[in-house]
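# Notes for the structure review
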Amino acid sequence: MLEFIDKYLPGFLDNLPLLPPQASTVAGDVDLLTLVWTLISFAVGTLIVVVMIYLAVRYRRRAVNEVGGAEVHAPMVEIVSMLIPFIISMGMFVWGTKVFVDLKRPPADAVEYFAFGKQWMWKFQHPNGLREINNFTIPVDTPIKVTMTSEDVIHSFFIPAFRVKQDVVPGRYTTVWFEATQTGQFRQLCAEYCGSEHSLMGGIVTVLEQDEYQAWLNGEQFERTTTPSSSGEQLFTSLACSTCHLSGDSNRGPALHGLPGSEVQLASGETVIADDAYLRESILEPRAKLRQGYVPLMPTFEGQVSEEQLHDLIAFIKTIEPESSSREGSVQVAESNQTPGVSNAGGGGR
Amino acid sequence: MSTPAVAAQPPRETYINTDWSLRSWLLTIDHKRIAWLYLISISGFFVLGGFFALLIRLELLTPAGDLVSPDTYNRLFTQHGVIMIFLFLIPSIPAVLGNFLIPIQIGAIDVAFPKLNLASWYIYSLGGLFIVIALATGGVDTGWTFYTPLSSTYANSQVMWVAVGVFIVGFSSILTGLNFLVTIHTMRHKDMTWGRLPLFVWASYATSLINVLGTPVVAITILLVGVERMFGLAIFDPALGGDPVLFQHLFWFYSHPAVYIMILPAFGVISELMAGFSRKRIFGYNFIAASSVGIAVLGFIVWAHHLFTTGLSVYAATVFSALTMLIAVPTAVKIINWTTTMYQGSVSWDTPMLYALGFLGLFLVGGLTGVMLATLGIDIHVHDTYFVVAHFHYVMVGGAIMGFLGGLHYWWPKMTGRMYPETFSKLSALLVFAGFNLTFFPQFILGYLGMPRRYHAYPEEFQVLNIFSSAGASILGVGYLLPGLYFAYSLVFGEKAGRNPWGTVGLEWQIPSPPPPHNFVEGEEIVVTDAYDYEHDLIRDDLDRRVGPPRDAREVPVG
């Protein structure tokens, strides 16, 4: 549609754009859905308004004592006026839900990024640990999944050009995914009112060609950064998590090897999946979902670790290798293969 | 009329001239006088809320936030929302037109609990006072939605005063709703069966149900925010172990039905106007009545469509999307039935009808974009943008306020006994319609382009559309100012309206204007007909008297 308007009304879109740039894989789908809905609405709306004006003119009052005709019974009109909106809206519901599911379900090979919202800035973290503030540099044609949380109030991560939006909620992780199809710079905005500088809490998303992105990541301008998992490993030691959660002969805390993603039997009898949210909660509030067979010994870490540190810890926990190596009391940290060029501080025993 | 109206007679006693003292007004238990107390209060708050809107539109003329500071701007839109919703829209039609008309329309001399009715106004005023104190002592900047944890732990403005004010005003809604429910159940004239009730009464009935069932939930929610703010009890604050999204569920469980509290009474007014100014039995009476109740019930199970971007599960989102879209069905029934009522009617283009037709057009846009918003794939992109702002203003302003103004223009002669200048009133209806569209239509495009709501400063590419919007707002402002002027003018200089100036059917048009203190003239019988029965001899005679033979020659006693 954009090309069409640009062809016949050159310059129009520059002054009065109707659509934001279509720069992600889902943008076209969302626009098509909106366009069809708009056309249906225009058709229905115009029809009703035309009928309304026609009736108001055709049956206008011609004498002060004139009254209308007898009551009209037309059950077909009622049936049709219920059936048509029902059929149209249910059809659009199915289509809209399909687009929504595509928006919500990231592909399995999506590269994982992390973002924090806080009053009034956005912090982004690349898989190799590189951090940016209010600038988010990503490669084109690469599915990207961003896990987000807030350090204070609710924010909302919004990139109009990608047609994606996801609230960023303190105390929990939410995720958004997208795949940019165009290089260039796009606005990233906060869509949930978050206090004084809400309208200035925006950033720029810079989409680079994949090789440019790699070059940018390895660029001289950045100091060598540590990966989230290696920062997490240091924390794991300094917070003394390793005392109870690594040594095979201790029953004080469950071993974490192979935990992420597995099913956990709770003391309450329930089972939960050990996803990021579970790991996060168990660090902050260990008693909330106590694992079966353990006593609540662990202190709470609420207020002692920041959201970024939590993210690092979880990143580290995911790299702990299964049982076999743990018996020796050592930990192997999996090599991060997403970002060649940045070596991983490998796992040493302790 | 058994007593012919002759100018030489001493002035007839009406509910207005029965006692002019201020005391008699402030202690009145007459539902008609209480309606006036509300009309004056809500008009004051409407002007205040409109003033905030004016400043918002002025600020948004330029992309930079240069007129007021960010904190001031945040207070402006918060206070605009709080005042317009809680102090203007929710009480507008029910407390003014409902209070005045429901007892008369069902043939009763008052509501079931007249003292409670007066108490409701005092409770409303007390709540309003708390909110005014909050404004005077620094204002509030949480947004009218009070989302936690911004409102509970991060806001430094007068959140508590406003919260307590909203809490108190809620009781006014609950008590008024209760009063209407009992009145409609127990006070109907012996001939006024449920199937004969005017549709305005049906709509008020449905609204009252929501008020009684829904308002306590928002009261509890606000109480919980207060408890958390004051005592640090963990409910919504994640730092304490609470859940901020829980607040949104509780808040919208009331506030979505509250949308119907605001729009259903307008539906009732529009039904009266479409039938009255087509002088014809409304098309599909049963369907319109049932659809009001249907919307009230459905309105309770769609709240989570306000939470599609919070990370609600895909399954929950799907269910709420489908339920929301179902509301298109009863809404379409109403629009089609209203439109079809004009078929073979005698359609007059008097001012109230202009408002009614304007309502149909604007509400149509509001409704259709509402179904678009319920579509999950679209909502994610336009959620919390100006698209939503445009949508709910089309419903709340284009719908509810157009309905309120239409109703006020229709029943003004009954309330005051005076007519207002016709040319000015038609001009105002046109200005409101044109100004409204110029203000809010560009906001649909702005929203789709990605301009988030509640933005003090915005990217430059959005300026052209914002200028359109602000220009429209100035026209809209004039359109709203005019009725205030000519209504005041009509009180003194307006032509005498007579009993039934529009030639419409309804018990209220069988009694003098303004009505006597106890609504119905003692000794005069009233005739309860089916609603909108324009084939009844009563109305035929009434209309024929206006033309043809002189009035006295065909004076037929009513009833």
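Cut-off values and rules
- What you see as residue numbers is a count from 1 along each chain, following the sequence as written.
- Each chain takes a letter, starting from A, and each ligand takes a number, starting from 1, following the order in which they are written.
- In keeping with the model being predicted, local features are shown solely for residues with a pLDDT of at least 70 and side-chain atom pairs are shown and tallied solely at 80 or more, while totals for entire chains, interfaces and linings include all residues.
- Working from all heavy atoms in the structure, the side-chain values ignore hydrogens and water.
- In what follows, residue pairs with any heavy atoms lying within 4.5 Å of each other are defined as contacts.
- The salt bridge criterion pairs a side-chain nitrogen of Lys or Arg with a carboxyl oxygen of Asp or Glu, the two atoms within 4 Å.
- Helix and strand definitions follow DSSP, with helices as H or I runs of at least four residues and strands as E runs of at least two, each counted in order from the N terminus.
- Any residue that is not Ala, Val, Leu, Ile, Met, Phe, Trp, Tyr, Cys, Pro, Asp, Glu, Lys or Arg is counted as polar, Gly included; the first ten are nonpolar and the last four charged.
- Segmentation of the chain into domains, including their bounds, is taken from an automatic or database domain assignment.
- What gets called buried area is simply the loss in accessible area from a 1.4 Å probe that two parts show on being joined, summed for both.
- Polar contacts, as used here, are pairs of N or O atoms within 3.5 Å; protein pairs need one atom able to donate a hydrogen and one able to accept it. Residues neighboring in sequence count only if both atoms are side-chain atoms.
- A helix's residues, less one, multiplied by 1.5 Å, set its expected span.
- The angle between axes fitted to the seven residues ending at a residue and the seven residues starting there is what we call the bend at that residue.
- Only protein chains enter the accessibility calculation, which uses a 1.4 Å probe. A residue is then buried if its area is under 20% of the maximum for its type, exposed if over 50%, and partly exposed in between.
- In this scheme, patches are assembled from residues that exceed 30% relative accessible area and form no salt bridge. Like charges are connected within 9 Å, while nonpolar side chains (Val, Leu, Ile, Met, Phe, Trp, Tyr) are connected within 5 Å.
- The accessible surface values rely on the Shrake-Rupley method and a 1.4 Å probe; as for residues, cover is taken only from the protein chains in view.
- Residues scored as charged are limited to Lys and Arg (positive) and Asp and Glu (negative), so that His and the chain ends carry no count.
- Throughout, a charge is located at the NZ atom of Lys, the CZ atom of Arg, the CG atom of Asp or the CD atom of Glu.
- For two strands to be treated as a pair, DSSP must find no fewer than two bridges joining them.
- Fitted lines through C-alpha atoms serve as axes, helices being fitted only where they are in contact, and the angles separating the N-to-C directions of these axes extend from 0 to 180 degrees.
- Any Phe, Tyr or Trp ring, taking Trp's six-membered ring, that has another such ring centre within 6.5 Å forms a pair; planes under 30 degrees apart are called stacked, those over 60 apart edge-to-face, and the others tilted.
- Orientation is classified from the angle alone, with under 35 degrees giving roughly parallel, over 145 giving roughly antiparallel, 65 to 115 giving roughly perpendicular, and any other angle giving oblique.
- Left-handed describes a crossing whose near helix is turned anticlockwise from the far helix through less than a right angle; right-handed describes the clockwise counterpart.

Contacts between the two partners involve 84 residues from chain A and, on the opposite side, 93 residues from chain B. Run the count over chain A and chain B and you get 3 salt bridges. Two residues, B:Arg281 and A:Glu71, come together in a salt bridge whose shortest N-O distance is 3.2 Å. At the level of secondary structure, the elements contributing two or more residues to the side of chain A that touches chain B comprise α3 (27-58), α4 (75-104), β7 (164-168) and β9 (184-190) of chain A. Among the elements that take part in the side of chain A that touches chain B, α4(A) stands out by supplying 17 residues, more than any other. Partitioned by chemical class, the residues of the side of chain A that touches chain B number 46 nonpolar, 20 polar and 18 charged.

Right, let's get into the domain arrangement of chain A. Residue and element names in this part refer to chain A. Here chain A is partitioned into domain 1 (2-56 + 73-104), domain 2 (111-217) and domain 3 (228-326). Taking only C-alpha atoms, the centre of domain 1 and the centre of domain 2 are 30 Å apart. With 13 residues of domain 1 at the contact, the number on the domain 2 side is 12 residues. In this assembly, domain 1 packs against domain 2 so that about 1100 Å² is buried in total across both faces, 51% of it on carbon and sulfur atoms. For domain 1, the biggest contributors to the area lost against domain 2 are Ala23, Ser24 and Thr25; these three give 42% of the whole. At the surface where domain 1 touches domain 2, the tally comes to 1 salt bridge. The closest approach of N and O atoms between aspartate 31 and arginine 163, which form a salt bridge, is 2.6 Å. Linking domain 1 to domain 2 there are 12 residue pairs in polar contact (both at pLDDT 80 or more). The set of elements that each furnish at least two residues to the side of domain 1 that touches domain 2 consists of α3 and α4. When grouped by side-chain class, the residues that make up the side of domain 1 that touches domain 2 number 7 nonpolar, 3 polar and 3 charged.

Taking 1.5 Å as the rise per residue, helix α2 (residues 31-59) of chain B with 29 residues should run 42 Å; its terminal C-alpha atoms sit 42 Å apart, in good agreement. Taking the backbone nitrogen of B:Lys32 as reference, a side-chain oxygen 2.8 Å away marks B:Asp30 as the first, capping residue of α2(B).

All names here are of chain B. Taking 1.5 Å as the rise per residue, helix α3 (residues 70-105) with 36 residues should run 52 Å; its terminal C-alpha atoms sit 49 Å apart, in good agreement. At proline 91, α3 shows its maximal bend, which comes to roughly 55°. Here α3 lies mainly inside the structure; 32 of its 36 residues are buried. Residue glycine 107 follows α3 closely and has a positive phi angle near 80°.

The next thing to look at is a negative patch on the surface. All names here are of chain A. Negative charge collects at one region of the surface, where Asp141, Glu209, Asp211 and Glu212 lie side by side. Considering the arrangement of structural elements, one finds aspartate 211 in helix α5 (residues 210-217). By relative accessible area, aspartate 211 is classed as exposed at 59%.

A few words now on the sheet that holds strand β10 (residues 203-208) of chain A. Residues and elements named next belong to chain A. One open sheet holds the 5 strands; their spatial order is β4-β10-β9-β6-β7, and the pairing between them is mixed. Looking at strand neighbours, the two that pair on one side only are β4 (135-139) and β7, the edges of this open sheet. Pairs of neighbouring strands in the sheet enclose a mean axial angle of 25°, with direction left out of account. Looking at chain direction, strand β6 (residues 155-159) and β7 are connected through 5 bridges and run antiparallel.

So, about the packing of aromatic side chains. Applying the stated criterion across every chain, the model contains 59 aromatic pairs over all chains. Note on A:Tyr193 and B:Phe77: the rings are 5.1 Å apart at their centroids and 85° apart in plane angle, and the pair reads as edge-to-face. Residue A:Tyr193 is found in the loop between β9 and β10, and its partner B:Phe77 is found in helix α3; the two belong to separate chains. Take A:Tyr193 and B:Phe77: they sit in the same class, and that class is buried. Between B:Phe253 and B:Phe300 the ring centres are 5.8 Å apart and the planes differ by 50°, which places this aromatic pair in the tilted class. Placement of B:Phe253 in helix α8 (residues 244-276) and of B:Phe300 in the loop between α9 (285-298) and α10 (314-326) is noted, with a sequence separation of 47 residues between them.

Our focus in this paragraph is the packing of α4(A) against α10(B). Two elements in contact, α4(A) and α10(B), have axes whose closest approach is 10 Å; the angle formed by their N-to-C orientations is 160°. In terms of orientation, α4(A) and α10(B) fall into the roughly antiparallel class. Every pair of crossing elements has a handedness; the one defined by α4(A) and α10(B) is right-handed. Touching A:Phe86, A:Ser89, A:Met90, A:Met92, A:Phe93, A:Thr97, A:Phe100, A:Val101 and A:Lys104 of α4(A) are B:Val314, B:Ala317, B:Thr318, B:Ser321, B:Ala322, B:Met325 and B:Leu326, all from α10(B). Of the residues contributing to the contact of α4(A) with α10(B), the split by class is 11 nonpolar, 4 polar and 1 charged.

We now examine the sheet that holds strand β2 (residues 121-125) of chain A. All names here are of chain A. Reading across from one edge, β3-β2-β1-β5-β8 is the order of the 5 strands in this open sheet, with mixed pairing throughout. Only two strands of the sheet have a single partner each, and these edge strands are β3 (131-133) and β8 (174-179). Neighbouring strand axes in the sheet, compared pairwise and without regard to direction, differ in orientation by 25° on average. Alignment of strand β1 (residues 111-118) against strand β5 (residues 143-150), held across 7 bridges, turns out to be parallel. What sits directly across from glycine 117, in β5, is serine 150.

Before going further, it helps to examine the pairing of β4(A). All names here are of chain A. Burial within β4 is extensive, with 4 of its 5 residues counted as buried. The pairing of β4 with β10 spans 5 bridges and is parallel. Along β10, the bridge assignment pairs isoleucine 138 with valine 207.

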